[in-house]
Amino acid sequence: MGIFSFLNPFMPWLGVAAIASPVIIHLLNKRRYKIINWAAMDFLFEADKKNRRRVKLENFILLMLRCLAMLLIGLFLSRLFLPTSLTKAFSNTQKFEHIILLDDSMSQRVRVGNEELINKSKAALKQLVDQAATNNRDDWITVMLTSQIQGGDNKRYIDNEPIVEEKLSSLLKRIDNIEATDSSANYDAALTELETTLRSSNENVNRVVYLITDMRERDWVREQQSENSPSEIVKRLSDSEDVASTFVVDVGSEVEENITITGVKAADQLVADTVVRFDVSVLNQGRKLANNVGVRFQVNDEPSRFEEIPTLKPGVEETVTFYYSFNYPVDEAGEDLEEKIARNLKNFSVRAEIVREGKIVDSLAEDSSGYFAARVMSGIPVLLVDGAPSQDPFKSETHFLRSLEVHGAGLLVDTITISELETVSLSKYKVIFLCNVDQATKERLQSLKDWVTNGGGLVIMPGDQIRATDYNDSFYKSGLSPFKLVGSPRGDETRQKWVHFAVEQQVHPALVEIRNADDTILEAIEIFSWWGTEMPPDRAKNVDVAMRLTDADNSLAMVDQPMGKGRVVAFTIPADVDWSWFPADATTYTVVMLELVKHLVGNVSGNSDIEIGGKLTHLVDLSNYERTVTLLDPNNEKREAVTKTGDEKEDVKIMRPVEFDDISQRGIYKLMLQRKDSKDPQAIYFATNVDPTEGNLKRLDLNKVGQNYFGEKTRLVTNEELAAQSVSSGNSEIWYFILIALAAILGLEQFLGWWFGRRR
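These notes cover the structure that comes with them.

Criteria and cut-off values
Residue numbers here run from 1 along each chain, matching the order of that chain's written sequence. With pLDDT at 70 or above as the cut-off, local features in this predicted model cover only qualifying residues; side-chain atom pairs require 80 or more to be listed or tallied, and sums for whole chains, interfaces and linings still use all residues. Hydrogen atoms and water are omitted, and side-chain values are computed over all heavy atoms in the structure. Runs of H or I in DSSP of at least four residues are treated as helices and runs of E of at least two as strands, each being numbered from the N terminus. Partly exposed describes any residue whose relative accessible area lies between the buried limit of under 20% and the exposed limit of over 50%, with all areas from a 1.4 Å probe on protein chains only and scaled to the type maximum. A 1.4 Å probe and the Shrake-Rupley method give the accessible areas. Residues count as covered only by the protein chains that appear here. Any pair of Phe, Tyr and Trp rings, taking the six-membered ring for Trp, is counted once the centres come within 6.5 Å. Such a pair is stacked with planes under 30 degrees apart, edge-to-face with planes over 60 apart, and tilted for the rest. In this analysis, strands are considered paired if DSSP registers two or more bridges between them. Inter-axis angles, ranging from 0 to 180 degrees, are taken between N-to-C directions of lines fitted to C-alpha atoms, where helices are fitted over the stretch in contact. Put simply, angles under 35 degrees are roughly parallel, angles over 145 are roughly antiparallel, angles from 65 to 115 are roughly perpendicular, and the rest are oblique. Note on convention: the crossing is left-handed when the near helix lies turned anticlockwise from the far helix by less than a right angle, right-handed when the turn is clockwise. In this analysis, two residues are considered to be in contact whenever any of their non-hydrogen atoms come within 4.5 Å of each other. Under the scheme applied here, ten amino acids are nonpolar (Ala, Val, Leu, Ile, Met, Phe, Trp, Tyr, Cys and Pro), four are charged (Asp, Glu, Lys and Arg), and all others, including Gly, are polar. Think of a polar contact as two N or O atoms within 3.5 Å of one another; within protein, one of them needs to be a possible hydrogen donor and the other a possible acceptor, and neighboring residues in sequence only count if both atoms come from side chains. Throughout, nonpolar core names a set of buried Ala, Val, Leu, Ile, Met, Phe, Trp, Tyr and Cys residues whose side chains join them through atoms within 4.5 Å. Any Lys or Arg side-chain nitrogen found within 4 Å of a carboxyl oxygen on Asp or Glu counts as a salt bridge. Think of a 1 Å grid over the protein atoms and nothing else: a 1.4 Å probe that fits but is trapped marks a cavity, an open set flanked by protein within 12 Å on at least five of seven lines marks a pocket, and residues with an atom within 4 Å of a point count as lining. Grid points are joined across faces, edges and corners, and a volume is the space filled by probe spheres set on the points.

**Side note on the overall build of the protein chain**
Here is step 1 of the chain: Check the secondary structure of the protein chain and you find 21 helices and 35 strands.
Here is step 2 of the chain: Classification of the 760 residues of the protein chain by burial places 47% in the buried group.
Here is step 3 of the chain: Total accessible area computed for the protein chain in this model is approximately 38400 Å², and 50% of it derives from carbon and sulfur atoms.

Here you go:
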């Protein structure tokens, strides 16, 4: 700010322009008289000559008073501000807008004794309001919360409200209602928005900025300081002409001991009646060794399970493992695959938490729990396409694969012929096995390719019914097969000679389990015949070779090719025992095929995590579900939203997104979809977890970063010291004195005009 500042800067110039009006009126009045010479005029002229100087002086005084009145009117309308150092001699009135940025992130829930830090922050804020109210200055207050200002909407919790007696109780009540959130503070974004707000405002008022913070190193220190680093923004604020004073109010505590659950993840596919491994990550973010750290694991409202970490060193993260089997109701009698798939997905709430008992020091309870939304399938839908159906188990292409559908395997197996492949709906399956299949129509090949690209897992197992030319024209040219079949099958049809598998050094995920159990068992299997292959270099660079054969050519046995979101795994031997004993070797084949299905499916539960403060978006199939969707938050409070509209056609599967903003609580959110053919809604679970870094309570060490880390003009105070602080700089508005001076000038002009006229 300069010496002079104005709320309406164009008004002073209007006042200056208005000064010309008395002068113009004076000149026009002089031109109203016409000089006429007559004899008696000489005597009058001699009499007037004596008073001419006095009259000119009187007119000049009146003219100056009128000009000064015009200037004062312009200054009054402009709302002039002067530095307080110039006005304190005749006024002790100084008005301020108090702008407070308050950290309401999860770290403010740290307990010191029986009190949370957020209560200290609110006490400091209420103290400012009380102090401003007792000064009778009609100050204003603006409160910004880090959770709101960095959420994208840039809301102000309290927006430029006057601190007056009639509003005082309301302001204090609103401050009392502030609660620490589950979000993580982002000082870079919050302070940048504060700086932008101050720069964009045109009001010339005295602004005092207060940053109420717990002074954590995580919030203030950056590996590489830049102009947008928090401390650099504070320096600019304190040096800015838009700010009278800047205070950093430290409400933090020296308590830094905290144990955090940083993640709850499923290590296996979430399939009913299978054993699923869950990994719970626990981090000691304090400075002391933690002994006997208990971890409780619970699914829905079932009895919890307990594991213990004997010792957890400072800064160390340990993983605790739990095993759980999700149980489904027993299949209805005669239930077919379609019916099983219809009830295929169920949701479970998984929670892990630190047992806060005994001698464990944990200052922040809110990051001592983690959530996982388990979307569990009754089984992985698998389609077997049998290219050579046979009642003889040893000649059947799918007999050994069908045997995988046993209790605990987690598969829902359906078997069809080549002709049925042309009409079956692919979308309901996660994995498809093509057993001795060498051709399909162009339309079906394209739909297969689209299905794989969108996340499907395709397994190709060619056998003795394959014609190489047909196979290559269909599957190789379409890009589904990573290799081309060459010539005729190789090996010994009499089964007098054989080769073995040779597992590559980089073990494929489908082979890890069997290799861990016995690293020689695969290499002992006898293979009598196989297809020769040819794979161009442009395809080979994107293909993972899992196994070869021990023949002279080191022929391919199993390769894995990624394709979009899905994968294609191709063998050079069939799924029956015509060419090898592999399918009949239950100890290896069953394990390898089950692991292969898991590898191709990936995490069937999908991504159920949502960032706190983010947005929940879900695609709704409007051909089966209603447009209106309900969301239940972790406290079971309801919100509703309607799917977005778009171009829609009848008899077409219509997918439309529904969105929910302000996902602000940790826990499990339940998205309720209403089916058109049922009264019972379908629930889809989503998990929200706190940012683990928010639990790092290490405080900023000013001795390390330097005493002028926030700039020389910034005052760093505790909430106890805040009451003793005063603001000595800034500007004061002097409209009241200008109004008094204007009234005095106009009154004096009227009196002198009357007095001078009476004397003339």
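**A short note on the packing of aromatic side chains**
Here is step 1 of the chain: In total, this model carries 17 aromatic pairs according to the counting rule given.
Here is step 2 of the chain: On the basis of an interplanar angle of 85° and a centroid distance of 6.1 Å, the ring pair of Trp498 and Phe528 is categorised as edge-to-face. A residue pair is termed long-range when its members are at least 10 positions apart, and Trp498 in the loop between strand 21 (484–491) and strand 22 (501–503) and Phe528 in the loop between helix 17 (512–517) and strand 23 (529–534) qualify at 30 residues.
Here is step 3 of the chain: A relative accessible area of 41% means that Trp498 is categorised as partly exposed.
Here is step 4 of the chain: Measuring from ring centre to ring centre gives 5.3 Å for Phe501 and Phe582, while their planes differ by 75°; the resulting arrangement is edge-to-face.

**Section: the sheet that holds strand 15 (residues 345–354)**
Here is step 1 of the chain: One open sheet holds the four strands; their spatial order is 13-12-15-16, and the pairing between them is antiparallel. Edge positions in the sheet fall to strand 13 (305–312) and strand 16 (369–377), since each of these pairs with one other strand and no more. The average angle at which neighbouring strand axes cross in this sheet is 20°, direction not considered.
Here is step 2 of the chain: Bridge analysis of strand 12 (residues 290–299) against strand 15 gives five bridges, and the strand direction is antiparallel. Bridge pairing in strand 15 places Val299 opposite Val350.

**A short note on the packing of helix 9 (residues 187–200) against helix 11 (residues 230–239)**
Here is step 1 of the chain: With their axes 9 Å apart at the nearest point, helix 9 and helix 11 run at an angle of 20° to one another. Considering the angle they form, helix 9 stands roughly parallel to helix 11. For the element pair helix 9 and helix 11, the recorded crossing hand is left-handed. Residues Tyr187, Asp188, Leu191, Thr192, Leu194, Glu195, Leu198 and Arg199 of helix 9 lie in contact with helix 11, whose contacting residues are Pro230, Ile233, Val234, Arg236 and Leu237.
Here is step 2 of the chain: Of the residues that constitute the contact of helix 9 with helix 11, the class distribution is eight nonpolar, one polar and four charged.

**Thoughts on the packing of helix 6 (residues 117–134) against helix 8 (residues 165–176)**
Here is step 1 of the chain: Helix 8 packs onto helix 6 with a crossing angle of 170° between their chain directions and a minimal axis gap of 10 Å. Relative to helix 8, helix 6 is oriented roughly antiparallel. Counting all contacts with helix 6, which are made through Lys122, Leu125, Lys126, Val129, Asp130 and Ala133, the residues of helix 8 involved are Leu168, Leu171, Leu172, Ile175 and Asp176.
Here is step 2 of the chain: Residue classes in the contact of helix 6 with helix 8 are distributed as seven nonpolar, no polar and four charged.

**Focus: the side chain of Asp362**
Here is step 1 of the chain: Positionally, Asp362 belongs in the loop between strand 15 and strand 16.
Here is step 2 of the chain: By relative accessible area, which is 9% here, Asp362 ends up buried.
Here is step 3 of the chain: Polar contacts involving the side chain of Asp362 include one to the side chain of Ser368, which spans 2.5 Å.
Here is step 4 of the chain: Beyond its immediate chain neighbours, meaning those up to four positions away, Asp362 contacts Glu257, Asn258, Ile259, Arg356 and Ser368.

**Regarding the sheet that holds strand 22**
Here is step 1 of the chain: One open sheet holds the eight strands; their spatial order is 18-17-19-20-26-25-24-22, and the pairing between them is mixed. Strands at the two margins of the open sheet, each flanked by one partner only, are strand 18 (411–417) and strand 22. Each neighbouring strand pair of the sheet contributes to a mean axis angle of 20°, computed without reference to strand direction.
Here is step 2 of the chain: Across the sheet, helix 15 (residues 442–453) is in contact with strand 19 (431–435), strand 20 (457–461), strand 25 (556–563) and strand 26 (566–571); its angle to strand 26 comes to roughly 115°.

**Some words on the nonpolar core**
Here is step 1 of the chain: The biggest cluster of nonpolar side chains holds 42 residues, and the ones touching the most others in it are Phe433, Phe501, Leu522 and Met593.
Here is step 2 of the chain: It is helix 19 (residues 586–601) that contributes the most residues to this core, seven residues altogether.
Here is step 3 of the chain: Those residues within four positions of Phe433 in sequence are excluded, and the remaining contacts are Val382, Leu383, Leu384, Val385, Leu401, Val459, Met461, Met593 and Val597.
Here is step 4 of the chain: The next biggest cluster of nonpolar side chains, apart from the first, holds 33 residues, and it includes Leu421, Val424, Trp451 and Leu480.

**Quick look at the pattern of salt bridges**
Here is step 1 of the chain: The final tally for this structure, using the stated rule, is 38 salt bridges.
Here is step 2 of the chain: Asp250 serves as the salt-bridge partner of Arg699, at 2.7 Å between the closest nitrogen and oxygen. Taken together, the positions of Arg699 in the loop between strand 33 (681–689) and helix 20 (702–705) and Asp250 in strand 9 (residues 245–250) put the pair 449 residues apart, joining distant regions of the chain.
Here is step 3 of the chain: Salt bridges linked by common partners bring Asp214, Arg216, Arg218, Asp219, Asp691 and Glu694 together as one network.

**A word on empty space enclosed by the protein**
Here is step 1 of the chain: Summed over the entire model, instances satisfying the criterion amount to two cavities of 30 Å³ or more.
Here is step 2 of the chain: Reported here for the largest cavity is a volume of approximately 60 Å³.
Here is step 3 of the chain: Considering the residues around the largest cavity, the lining is formed by Ser107, Val110, Leu117, Asp214, Arg216, Ser253, Val255, Leu697 and Arg699.
Here is step 4 of the chain: Residue composition of the lining of the largest cavity, by class: four nonpolar, two polar and three charged.
Here is step 5 of the chain: Around the second largest cavity, the lining residues are Leu101, Asp103, Thr146, Tyr187, Leu191, Leu211, Ile212, Thr213 and Trp220.
Here is step 6 of the chain: Elements supplying a minimum of two residues to the lining of the second largest cavity: helix 9 and strand 8 (206–213).

**Details of unusual backbone geometry**
Here is step 1 of the chain: We note that Asn300 has phi near 50°; this positive angle belongs to a residue other than glycine.
Here is step 2 of the chain: For Asn300, the position within the fold is in the loop between strand 12 and strand 13.
Here is step 3 of the chain: When its relative accessible area of 32% is taken as the criterion, Asn300 is described as partly exposed.
Here is step 4 of the chain: You will see that Arg495, though not glycine, has its phi angle at about 65°, which is positive.
Here is step 5 of the chain: Mapped onto the elements, Arg495 comes out in the loop between strand 21 and strand 22.
Here is step 6 of the chain: Arg495 gets classed as partly exposed once you look at its relative accessible area, which sits at 25%.

**Observations regarding the environment of Gly695**
Here is step 1 of the chain: Within the fold, Gly695 resides in the loop between strand 33 and helix 20.
Here is step 2 of the chain: The class for Gly695 is buried, based on a relative accessible area of 0%.
Here is step 3 of the chain: It is 7.1 Å that separates the C-alpha atoms of Gly695 and Gln285, two residues lying 410 residues apart in sequence.
Here is step 4 of the chain: Discounting chain neighbours no more than four positions away, the residues touching Gly695 are Met106, Asn258, Thr260, Gln285, Leu364 and Asp367.

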